[in-house]
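Coordinate analysis (summary)
Here are the chains, one letter per residue:
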There are 2 protein chains.
Amino acid sequence: MRKIDVCLSPELVGSFDLSGKLVVVVDILRATTCMVTALAHDVAQILPVATLEECQPYCQRDGFVTAGERNGIQLAWMDLGNSPLAYTSGDYAGKTVVMSTTNGTLALDRSRAADQVIVGAFVNLKAVTEYVKAQSRDVLIVCAGWKGMVNLEDSLFAGALVDRVEGEFQHETDAPLVVQLMYRQAAADLSGTVYRSAHVRRLHNLGIKDDIDFCLTPSLFSLIPVLQGAALVPLSD
Amino acid sequence: MRKIDVCLSPELVGSFDLSGKLVVVVDILRATTCMVTALAHDVAQILPVATLEECQPYCQRDGFVTAGERNGIQLAWMDLGNSPLAYTSGDYAGKTVVMSTTNGTLALDRSRAADQVIVGAFVNLKAVTEYVKAQSRDVLIVCAGWKGMVNLEDSLFAGALVDRVEGEFQHETDAPLVVQLMYRQAAADLSGTVYRSAHVRRLHNLGIKDDIDFCLTPSLFSLIPVLQGAALVPLSD
């Protein structure tokens, strides 16, 4: 039987064997939600970069849009922050978005040794669930967390995905059961639970309630971003 | 308000500031359950050591008992394995137990920078809860996990403790909420849940059902081991 596991923080990725695996990278608030939303609104590709130094050369360059945040706040020289709502107008169709975020980009970067890396969020949960079920590899869900710490919303997504593939995958460690139990306890009031989280209280102080509500809306898009070389592009059917 | 946090794997301890904190180290199956049980049965002190090399010099030495395991299995040259039931006869009263285990000793070792390090297990849950509430420091629960991975039973203990001090501590990150939600989902059938865990299936294959049932019995003892220099001794009232 295929195996599934969950890495609750990028700091723990080194303990997992990525070879031959399908990795699902998750940073619900807000990097992976942005990635799904951007590509679903016809952005050509996303270049996730780990450092601001790698992002800056694309500033004001034709065909490129720079996006990202540090500690939840947009940097003055960037075109966009980390709000998924910025992409819903379709204004960036055809562009390359160069995206550097605190945790999500790091999680992607540390997952590159996997056989395939896709991007998950509540906004594409159903599509990710179906893809995970339909393919044949072992699966590792890598949560971006918050500065090396476990966070609630990424763990909840991991639990939701583990719960939806129940019976088709064996748990490799206890982490899938931990997040599944937690998700089941929270599922009846997901957004109420997420509003209790430390990270969300931080973001809430930054006045982004609309972002948070959007990030928790399940399965708005059927698109799955996949890492292809250095870029995220839509996974083809 | 005092703060509480949970470190789900010794690999993550470096992300936490331990200074001034009370750390509760947890390795339910079976190191910290052994420590509580041994001291509650009049063992003089426990010397937790990280490596077998540090343990071996005490082998066959008068007044010392060597104890430990690697991958759940006792080593031939040691007096004892990692079963808490070995101590309930009182045969080791007055002795020093030199204990090296896969995960528990490592978690203790990495927690030494804290203001105080105590040892928690389900068998002394009530005593630990009362002590944590009665003192004034911020608290970090350090789960021993399994080879750097998150495990179910240590996370459940952390959730049980967070749940019991609700309202008296602010959560420092999301980890306390994650384990509390998981614990609440599992609380109605704690042992049934634990028997679903990967680690427990591993131990179960080693034929230690009695150990597991003992390790999940709440509040058998009112004793709390505390790290004093290199040794664990009973915390005085």
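Quick look at the structure, then. (Residues numbered from 1 in each chain as written. Chains lettered and ligands numbered in written order. Predicted model: local features only at pLDDT ≥ 70, side-chain atom pairs only at ≥ 80, totals over all residues. Heavy atoms only, no water.)

Digging into unusual backbone geometry
Where we set the bar: Each helix is a run of DSSP H or I of at least 4 residues and each strand a run of E of at least 2, with the numbering of both proceeding from the N terminus. Between buried and exposed lies partly exposed: a residue is buried under 20% and exposed over 50% of the maximum accessible area for its type, with that area taken using a 1.4 Å probe on protein chains only.
Omega for the bond connecting L29 of chain A with R30 of chain A falls within 30 degrees of zero, at 5°, which places this linkage in the cis form. Following the sequence through the fold, R30 of chain A ends up in the loop between β2 (22–26) and α1 (31–40). Even without a glycine there, the phi angle at S219 of chain B is positive, about 55°. Counting through the fold element by element, S219 of chain B comes out in the loop between α9 (209–215) and β10 (225–228). Looking at S219 of chain B, the relative accessible area reads 31%, which means it is partly exposed.

Section: the packing of helix α6 (residues 175–186) of chain A against helix α6 (residues 175–186) of chain B
In plain terms, the rule: Orientation is described by lines fitted to C-alpha atoms, with helices fitted over the stretch in contact, and by angles between N-to-C directions that extend from 0 to 180 degrees. The cut-offs work like this: below 35 degrees is roughly parallel, past 145 is roughly antiparallel, 65 to 115 is roughly perpendicular, and the gaps in between are oblique. Two residues qualify as a contact provided that any one of their heavy atoms is within 4.5 Å of a heavy atom in the partner residue. As a working rule, the residues Ala, Val, Leu, Ile, Met, Phe, Trp, Tyr, Cys and Pro are called nonpolar, Asp, Glu, Lys and Arg charged, and the rest polar, with Gly in that last group.
For the pair α6 of chain A and α6 of chain B, interaxial distance at closest approach is 7 Å and the crossing angle is 80°. Considering the angle they form, α6 of chain A stands roughly perpendicular to α6 of chain B. Contacts from V178, L181, M182, R184, Q185 and A186 of chain A in α6 of chain A reach V178, L181, M182, R184, Q185 and A186 of chain B in α6 of chain B. Residue composition of the contact of α6 of chain A with α6 of chain B, by class: eight nonpolar, two polar and two charged.

What about the interface of chain B and chain A?
To keep things clear, this is the line we draw: Summed over both partners, the accessible surface that disappears when two parts come together, traced with a 1.4 Å probe, is what is meant by buried area. Salt bridges are identified by distance alone: a Lys or Arg side-chain nitrogen within 4 Å of an Asp or Glu carboxyl oxygen. Polar contact is defined as a pair of N or O atoms within 3.5 Å, subject to the rule that within protein one atom must be able to donate a hydrogen and the other to accept it, and that residues adjacent in sequence are counted only when both atoms are side-chain atoms.
Between chain B and chain A, the residue contacts involve 33 residues of the former and 33 residues of the latter. Interface area, chain B with chain A, both sides summed: about 2700 Å², of which 68% is carbon and sulfur. In this assembly, chain B and chain A are joined by zero salt bridges. Applying the counting criterion to the chain B and chain A interface returns five residue pairs in polar contact (both at pLDDT 80 or more). Of all the secondary-structure elements, those providing two or more residues to the side of chain B that touches chain A are α5 (152–164), α6 and α8 (198–205) of chain B. Looking at which element gives the most residues to the side of chain B that touches chain A, the answer is α6 of chain B, with nine residues. Counted by class, the side of chain B that touches chain A contains 13 nonpolar, 12 polar and eight charged residues.

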